[in-house]
Amino acid sequence: MISAQDLSEMAINAAGSTEIAVVVQERSSVNLRWAVNTLTTNGLTQQQSVDVVAFVGAGAQRATATASGQVTNPTDIVALVEQARAAAQRAAPAASAAPLVDAGQAADWQEGAPATSSAALETVALGLGEAFGRARVDIVEHFGYAEHELTTTYLATSAGTRLRHVQPASRLEMTAKSHDRERSAWLGSAEPNMHHIDITAMDADLRRSLALQGRHVAVEPGRHPVLLSDSAVADLMIDLYWAADARSALDSASVFAAPGGGTKLGTTLAQPDVTLSSNPYDPAPGMACTPFEVCAVPEPSATPFDNGLTLSETAWIDAGQLANLITTRSTAAELGRPVTPGIDNLTLTHASGSGSIEEVAERMGDGILVTCLWYNRMVDPQTHLLTGLTRDGVYVVRGGEIAGACGNFRFNDSPASLLGRIVEAGSSRRTLAREMGDYFNRAVMPPLVIGDFNLSTLSEAR
């Protein structure tokens with residue numbers, strides 16, 4: 001395999017006078033899957049992907065296009081450059097056009113890409129073996145997935161940028177079911193690595209959840225006080241964050257658009273205690289992420305013209321007010337504001353929030369506890385109304401204690417609206433979003449009690 005550095009220089013040399021950006025990602029991953037108390041598959045993979053972005057034209061007539069593929073020899077990289085250049089020459093001028101960034105060369109540019117190994121999941125595998133033994137005796141079925149990966153991103157441009165970043169990420173999902181499949185519980189974890197994962201403790205939590213589902217309490221659909229777990233909150237906030245780009249707001253295509261035009265920047269969207277932020281240098285283990293812009297294909301929230309821009313800590317919602325939207329240099333100039341590109345982590349804090357989900361349930365008194373959400377889909381982007389399903393454990397809380405489980409529901413509610421309807425909040429912690437966790441691994445969220453969350457209809461999902 002040709003090194004990322006050599007690929008980048010080959011591409012830039014082949015482009016000649018054409019400006020280009022080269023994004024090379026080398027991904028090393030190891031995973032385990034299991035079903036019905038048996039390991040089913042495992043794998044160790046090494047992958048390299050290459051994106052070549054060409055920029056042609058001048059001034060307002062600048063256009064861009066991308067060619068992607070696998071590269072095994074110098075001929076392949078030259079072909080990608082030619083494909084990108086030819087596509088850019090056919091493309092319409094880009095509204096986000098700007099001079100390429102010269103971010104200089106990082107001190108670690110010449111370093112290789114580290115690789116993971118099966119040892120990364122050894123603790124998980126040993127813990128699962130013990131859990132499977134207990135489960136066969138106790139008539140419980142375990143299903144799940146564990147993965148550890150190291151993704152090294154190399155960014156090079158003809159303007160002089162040479163940047164490198166290594167991103168570790170781990171994801172663990174465990175589902176336990178009773179043998180009659182009438183009860184089901186889920187737990188997830190997102191960490192920088194899995195060496196400290198306690199499978200025995202997670203197994204015990206799953207068993208407690210299954211036991212709590214032994215008593216059914218009927219609940220009619222409607223608006224209820226609902227305690228959303230940190231995982232459920234993460235799913236809703238990630239969805240909201242992905243919609244928070246300035247371009248969509250300026251085009252009146254999102255909940256962040258102001259009536260009559262413009263954006264809602266500076267307006268109150270949440271309670272004063274609420275802050276939603278991102279920080280590429282977050283000091284919490286595993287939360288730090290790529291500190292420079294990487295974009296191979298244009299989208300409303302990002303443009304290849306901005307590759308290499310330095311990222312910094314950004315508050316999206318600050319003390320309840322919409323403080324920033326995701327911008328490119330182009331949309332930032334249109335708004336007359338600093339450039340605030342998207343960042344690959346997200347933290348929600350509530351200034352008066354405290355305690356675990358059990359302590360929040362105790363303070364809530366009566367209501368519904370939702371452990372995770374599934375199959376979330378947009379209904380109305382203007383209000384950011386989502387619909388989705390609860391899954392794997394919905395509990396009835398009476399007098400601050402779990403009285404039993406009710407069935408699942410379809411929900412219809414807006415993450416933008418619920419931030420103003422928080423009744424109670426717990427302490428923020430690292431969590432895994434059930435729906436979005438495949439795509440967004442770094443989230444810190446609190447459990448939240450929403451006063452009138454809309455559980456619109458009953459669902460047969462389990």
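Before reading further, recall that the structure is shown in the block above.
Quick caveat: nothing in here was measured; it's all calculated off a predicted structure. (Residues numbered from 1 in each chain as written. Predicted model: local features only at pLDDT ≥ 70, side-chain atom pairs only at ≥ 80, totals over all residues. Heavy atoms only, no water.)

**Q** Quick question: what am I supposed to make of the overall build of the protein chain here?
**A** In terms of helices and strands, the protein chain carries nine helices and 21 strands. Taken over C-alpha atoms, the radius of gyration comes to 24 Å for the protein chain, in line with the 23 Å a tight globule of 462 residues would show. Over its C-alpha atoms, taken along the principal directions, the protein chain stretches across nearly 70 × 55 × 35 Å. Per-residue burial for the protein chain yields a buried fraction of 55% across its 462 residues. (Helix = DSSP H or I, 4+ residues; strand = E, 2+ residues; numbered from the N terminus. Rg over C-alpha atoms; globule rule 2.2 N^0.38 Å. Buried < 20%, exposed > 50% of the residue type's maximum accessible area, 1.4 Å probe, protein only.)

**Q** Would you explain the packing of helix α3 (residues 122-138) against helix α4 (residues 199-212) in this entry?
**A** When two helices pack together, you describe them by how their axes are tilted relative to each other and by the distance separating the axes. Where α3 contacts α4, the two axes come as close as 9 Å, and the packing angle between them is 35°. Every pair of crossing elements has a handedness; the one defined by α3 and α4 is right-handed. Here V124, G127, L128, E130, A131, R134, A135 and D138 of α3 lie close against α4, whose contacting residues are I199, T200, D203 and R207. Looking at the contact of α3 with α4 residue by residue, the class counts come to five nonpolar, two polar and five charged. (Axes fitted to C-alpha atoms, helices over the stretch in contact; angles between N-to-C directions. Left-handed = near helix turned anticlockwise from the far one by under 90°. Contact = heavy atoms within 4.5 Å. Nonpolar A, V, L, I, M, F, W, Y, C, P; charged D, E, K, R; others polar.)

**Q** Just to check I follow, could you spell out helix α8 (residues 357-364) for this structure?
**A** Helical periodicity: at 3.6 residues per turn, an α-helix aligns residues three or four positions apart in one direction. Restricting attention to buried positions, one finds in α8 the residues V360, A361 and M364. When α8 is viewed along its axis, its buried side chains cluster within an angular range of 105° and face the same direction. Along α8, exposed side chains directed more than 90 degrees from the buried face belong to E358 and E362. Against β7 (222-228), β12 (367-370), β15 (394-398), β18 (422-425) and β21 (448-459) lie the buried residues of α8. Positive backbone phi, at 85°, marks G365, one or two positions downstream of α8. (Arc of directions from axis to C-beta.)

**Q** Explain the environment of V297 here, please?
**A** Inspection of the secondary structure puts V297 in the loop between β8 (274-278) and β9 (314-318). Note: C-alpha distance between V297 and S68 (229 residues apart in sequence) is 10.0 Å. Apart from residues no more than four positions distant in its own chain, V297 is found in contact with T66 and P304.

**Q** Where do I start with a negative patch on the surface in this structure?
**A** Together, E358, E359, E362 and E401 line one region of the surface with negative charge. Among the elements that make up the negative patch, the one with the highest residue count is α8 (three residues). With respect to the helices and strands, the residue E358 is situated in helix α8. Given the relative accessible area of 55%, E358 is considered exposed. (Patch = residues over 30% accessible without salt bridge, like charges linked within 9 Å, V, L, I, M, F, W, Y side chains within 5 Å. Areas by Shrake-Rupley, 256 points an atom, 1.4 Å probe, with all protein chains shown as cover. Salt bridge = Lys/Arg side-chain N within 4 Å of Asp/Glu carboxyl O. Lys, Arg positive; Asp, Glu negative; His and termini not counted. Charge placed at Lys NZ, Arg CZ, Asp CG, Glu CD.)

**Q** Where do I start with the packing of aromatic side chains in this structure?
**A** Given two aromatic rings, their pairing is described by the distance between the two centres and the angle made by the two planes. If you walk through the whole model with that rule in mind, you get six aromatic pairs. Between W242 and F440, the aromatic rings sit 6.3 Å apart at their centres with planes inclined by 65°, giving edge-to-face as the arrangement. Of this pair, W242 sits in helix α5 (residues 230-242) while F440 sits in the loop between β19 (429-431) and β20 (443-445), and the two are 198 residues apart along the sequence. Site record: aromatic cluster; members linked through ring pairs are Y241, W242, W316 and F440. The ring of Y375 is capped by R377, whose NZ or CZ atom sits 4.0 Å from the centre of that ring. Its guanidinium or amino end placed over the ring of W374, R391 lies 4.6 Å from that ring's centre, counting from NZ or CZ. (Phe/Tyr/Trp six-rings, centres within 6.5 Å; stacked < 30°, edge-to-face > 60°. Lys NZ or Arg CZ within 6 Å of the ring centre and 35° of its normal.)

**Q** Looking at this structure, how should I read the sheet that holds strand β3 (residues 63-69)?
**A** Strand order across the open sheet formed by six strands is β3-β2-β1-β4-β5-β6, with antiparallel pairing between neighbours. Edge positions in the sheet fall to β3 and β6 (184-191), since each has one partner strand and no second. Neighbouring strand axes in the sheet, compared pairwise and without regard to direction, differ in orientation by 15° on average. Note: strand β4 (residues 140-157) against strand β5 (residues 162-178), 17 bridges, orientation antiparallel. (Pairing = 2+ DSSP bridges.)

**Q** Quick question: what am I supposed to make of unusual backbone geometry here?
**A** It is generally the case that most residues other than glycine have a negative phi and that most peptide bonds are trans. The backbone phi angle of I139 is positive, close to 60°, even though this residue is not glycine. Residue placement: I139 occurs in the loop between α3 and β4. The phi dihedral of H384 is positive, around 55°, even though this residue is not glycine.

**Q** Whenever I open this one, the packing of helix α1 (residues 4-15) against helix α2 (residues 74-90) confuses me. Can you help?
**A** Contact geometry for α1 and α2: axes closest at 9 Å, N-to-C directions at 50°. The angle between the axes of α1 and α2 places the two elements in the oblique class. α1 and α2 meet at a crossing whose hand is right-handed. Only P74, I77, V78, V81 and R85 of α2 make contact with α1, whose side of the interface consists of L7, M10, A11, A14 and A15. Taken together, the residues of the contact of α1 with α2 sort by class into nine nonpolar, no polar and one charged. (Parallel < 35°, antiparallel > 145°, perpendicular 65-115°, else oblique.)

**Q** For this particular structure, what's the right way to read the sheet that holds β9?
**A** Across a sheet, strands are paired by hydrogen bonds formed along the backbone, either parallel or antiparallel in direction. One open sheet holds the six strands; their spatial order is β10-β9-β8-β11-β20-β19, and the pairing between them is mixed. The sheet is open, and its two edges are formed by β10 (321-322) and β19, each paired on a single side. Where strand β11 (residues 346-350) lies against β20, two bridges are found, and the strand directions are parallel. Opposite L346, over in β20, you have A443 as the bridge partner. This element, α5, spans β8, β9, β11, β19 and β20 of the sheet and lies at about 120° to β20.

**Q** Can you help me understand the nonpolar core in this one?
**A** Generally speaking, soluble globular proteins have nonpolar side chains that are buried together. Within the largest apolar cluster, 55 residues are counted, with the highest numbers of intra-cluster contacts made by L228, M237, F256, L346, L348, I368 and L419. Sorting elements by how many residues they give to this core places α5 first, with eight residues. Ignoring anything within four residues of it in the chain, the contact list for F256 reads L240, A243, A244, A249, G262, T263, K264, L269, L322 and L325. Grouped together as the second largest cluster of nonpolar side chains are 25 residues, A54, A65, V81 and A84 included. (Core = buried A, V, L, I, M, F, W, Y, C linked by side-chain atoms within 4.5 Å.)

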